[in-house]
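# Structural characterization, general
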Amino acid sequence: MIAGVIPILFLVATQSWAQDGVEVVSPGGVVKLTLEMRDGEPTYSVERLGADILSASQLGVRFSEGASFDTGLTLAGTENATFDETWTQVWGEKKDIRNNYNELRAALQTSGDTPRRMDIVFRVYDDGFGFRYEWPEQEHLGTFVIAEELTEFNIAGDPKVWWIPAYGRSHYEYVWREDPLSGIARNQAVHTPLTMETADRLYLSIHEAALVDYSSMSLIPDGDGGLKADLAPWGGDDGFTLVRGRTPLVSPWRTVQIADTPGGLIESYLILNLNEPNALDDTSWIKPAKYIGIWWSMHLGDWTWETGPNHGATTEHAKRYIDFAAEHDLPNVLIEGWNAGWDGRWWGDGVNMNFTRPTDDFDLDEVMAYAADRGVNIVGDLPPGNSLALM
């Protein structure tokens, strides 16, 4: 992170627990989040300009062994902070990004003679909020296995939702579906970001940030307007092991962006601000550029990755894309499916991929020469979405 303005961090004295909960309000007074303990269970609710966004929603995690952070908890203390910083992106549509939030840190403790501690950290912005779980290094908690994350998002009303099913072939790159939240089948997992429009024409998007050493999150509707976090299971295990961790550890941020217009979600930098800052000393080699590509027509079903009558990555198609790129000053053409190995179940078994042999209907030398003559770079796309610059 390159600071354009010296960050400001104010710490506020630890608060005592109040019966009606602990509140944290965004810097501009737009978003208010309230944390409450209900019979030993932590919950949170959210308002925007006085209107309900989320009703009381559960927080916590359940371990496979030992005391968990689900029920029977006490609030050991809270701490507030304010942060305001402007930093400069390495690349992007906006150079300087302001990161301005108010924070609430709540320390939860299990009961018994060997208490365990988990912090929940909330950061509230004028355009939404994020929160995460933190397990500091401590005497009675070392390694652990998370069997369930209890995080809920109980949306007020029955918003219109744009969604994609999770755990199936219709993954992130496929066309979305549009339904009321109540119209999604109970227990049908959906991908994030999950975007919705409320009856009051507010736009929300639920996602996550800083996903490192943790399972990715999908969401499962409960049939009553609620959504529950659903973590991808640990590969090759019994399906009940979701995260293997050791203190100190932090979860990804669970994020909710809120805007008056759909474009406001795009213009929000909440997730970018919650991601970890740039850790590279030298960023001079990063050269952002536009491209067009042979790939989306395969997702639409017009062309195919595999060879045959509808093969997308052919010499003819590549030249047509190169001509378009040259005419419109686009420096790169991405081509997916150009090499041998895309026939059959390439999405589940990539051992037959050959990145040195093109398909019979794709003349690599001819395409490369044609692109060079027209001043266009070729990028060869490799599954599952990694790219190799060919020129």
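Residues numbered from 1 in each chain as written. Predicted model: local features only at pLDDT ≥ 70, side-chain atom pairs only at ≥ 80, totals over all residues. Heavy atoms only, no water.

## Concerning the overall build of the protein
- If you tally the helices and strands in the protein, you get five helices and 27 strands.
- Counting only residues that meet the buried cut, the protein has 47% of its 391 residues in that class.
- Contacts in the protein between residues far apart in sequence, at least 24 positions, make up 61% of those at least 6 positions apart. (Helix = DSSP H or I, 4+ residues; strand = E, 2+ residues; numbered from the N terminus. Buried < 20%, exposed > 50% of the residue type's maximum accessible area, 1.4 Å probe, protein only. Contact = heavy atoms within 4.5 Å.)

## As for the sheet that holds strand β17 (residues 217–221)
- Strand order across the open sheet formed by seven strands is β2-β3-β4-β5-β12-β18-β17, with antiparallel pairing between neighbours. Only two strands of the sheet have a single neighbouring strand rather than two, namely β2 (22–25) and β17. Each strand axis lies, on average, 25 degrees off the axis of its neighbour in the sheet, ignoring direction.
- With three bridges joining them, strand β12 (residues 152–155) and strand β18 (residues 226–231) adopt antiparallel strand pairing. Note that in β18 the partner of Glu152 across the bridge is Lys228. (Pairing = 2+ DSSP bridges. Axes fitted to C-alpha atoms, helices over the stretch in contact; angles between N-to-C directions.)

## Concerning the nonpolar core
- By size, the foremost hydrophobic cluster in this structure holds 54 residues, and its most contacted members are Tyr44, Phe122, Phe129, Trp135, Phe153, Ile155 and Leu227.
- Counting 23 residues, the second largest nonpolar core, distinct from the first, contains Ala313, Ala318, Tyr321 and Val333. (Core = buried A, V, L, I, M, F, W, Y, C linked by side-chain atoms within 4.5 Å.)

## Let's talk about the packing of helix α4 (residues 315–327) against helix α5 (residues 364–373)
- Running from N to C, α4 and α5 cross one another at 10 degrees; their axes reach a closest spacing of 10 Å. Overall, the two elements α4 and α5 adopt an arrangement that is roughly parallel. Together, Thr315, Ala318, Lys319, Ile322 and Asp323 of α4 and Glu366, Val367, Tyr370 and Ala371 of α5 make up the contact between the two elements.
- A per-class count over the contact of α4 with α5 returns five nonpolar, one polar and three charged. (Parallel < 35°, antiparallel > 145°, perpendicular 65-115°, else oblique. Nonpolar A, V, L, I, M, F, W, Y, C, P; charged D, E, K, R; others polar.)

## Some details on the packing of aromatic side chains
- Taken as a whole and assessed by the stated rule, the structure comprises 15 aromatic pairs.
- Between Phe131 and Tyr133, the aromatic rings sit 6.4 Å apart at their centres with planes inclined by 80 degrees, giving edge-to-face as the arrangement.
- Aromatic rings pair up to connect Tyr44, Phe63, Phe69, Phe122, Phe129, Phe131, Tyr133, Trp135, Phe144 and Phe153 into one cluster.
- In this structure, Arg244 packs its charged tip against the face of Trp234, placed 5.1 Å from the ring centre. (Phe/Tyr/Trp six-rings, centres within 6.5 Å; stacked < 30°, edge-to-face > 60°. Lys NZ or Arg CZ within 6 Å of the ring centre and 35° of its normal.)

## Details of the sheet that holds strand β11 (residues 143–149)
- What the three strands build is an open sheet, ordered β6-β11-β19; its pairing is antiparallel. Each of the sheet's edge strands pairs with one partner strand only, and the pair in question is β6 (61–63) and β19 (243–246). Strand-to-strand twist of the sheet, defined as the mean angle between neighbouring strand axes without regard to direction, takes the value 45 degrees.
- Here β11 pairs with β19 via four bridges, running antiparallel. From the neighbouring strand, Thr143 faces β19, where its bridge partner is Arg246.

## Structural notes on the side chain of Ser68
- Along the polypeptide, Ser68 turns up in the loop between β6 and β7 (74–88).
- Within the local environment of Ser68, its side chain forms a polar contact with the backbone nitrogen of Phe63, the two atoms lying 2.8 Å apart.
- Apart from residues lying up to four places away in sequence, Ser68 is in contact with Val61, Arg62, Phe63, Leu73 and Thr110. (Polar contact = N/O pair within 3.5 Å; in protein donor to acceptor, adjacent residues only side chain to side chain.)

## Notes on a nonpolar patch on the surface
- A cluster of nonpolar side chains, contributed by Val175, Trp176, Trp296 and Leu300, occupies part of the molecular surface with about 430 Å² of accessible area.
- If you trace the backbone, Trp296 turns up in helix α3 (residues 296–300).
- Overall, Trp296 belongs to the partly exposed group, its relative accessible area being 36%. (Patch = residues over 30% accessible without salt bridge, like charges linked within 9 Å, V, L, I, M, F, W, Y side chains within 5 Å. Areas by Shrake-Rupley, 256 points an atom, 1.4 Å probe, with all protein chains shown as cover. Salt bridge = Lys/Arg side-chain N within 4 Å of Asp/Glu carboxyl O.)

## Points about the confidence of the model for the protein
- The share of residues in the protein with pLDDT of 70 or more is 89%, and the mean pLDDT across the chain is 90.
- Note that residues 1–19 has pLDDT below 50 and, in this model, 43 contacts with residues that lie over four places away or in other chains. (pLDDT = per-residue confidence, 0-100.)

## What about α5?
- What α5 keeps buried is the set Val367, Met368 and Ala371. The buried residues of α5 occupy an angular sector of 95 degrees when projected down its axis, which confines them to one face. Away from the buried face of α5 by more than 90 degrees, exposed residues Asp365 and Asp373 are located.
- Capping of α5 at its N-terminal end is provided by Asp363; its side-chain oxygen lies 3.3 Å from the backbone amide nitrogen of Asp365.
- Backbone geometry just after α5 places Gly375 at a positive phi near 75 degrees. (Arc of directions from axis to C-beta.)

## Concerning the environment of Ser57
- Inspection of the secondary structure puts Ser57 in strand β5 (residues 51–58).
- Sequence spacing of Ser57 and Pro42 is 15 residues, and the spatial spacing of their C-alpha atoms is 8.4 Å.
- In terms of polar contacts, Ser57 uses its side chain to reach the backbone amide nitrogen of Asn154, at 3.0 Å.

## Quick word on the side chain of Asn339
- Its location among the elements puts Asn339 in strand β24 (residues 339–340).
- Within the local environment of Asn339, its side chain forms a polar contact with the side chain of Trp342, the two groups lying 2.8 Å apart.
- Looking at Asn339, its side chain comes within polar contact range of the main-chain oxygen of Asn354, at 3.2 Å.
- If we skip the residues at most four places from it in the chain, Asn339 touches Met353, Asn354, Phe355, Arg357, Pro358 and Thr359.

## Some thoughts on unusual backbone geometry
- The peptide bond linking Thr192 to Pro193 adopts the cis configuration, its omega dihedral lying at 5 degrees.
- A positive phi angle, close to 70 degrees, is found at Asn187, a residue other than glycine.
- The topology assignment puts Asn187 in the loop between β14 (177–180) and β15 (194–197).
- Judged by relative accessible area, which is 56%, Asn187 ranks as exposed.

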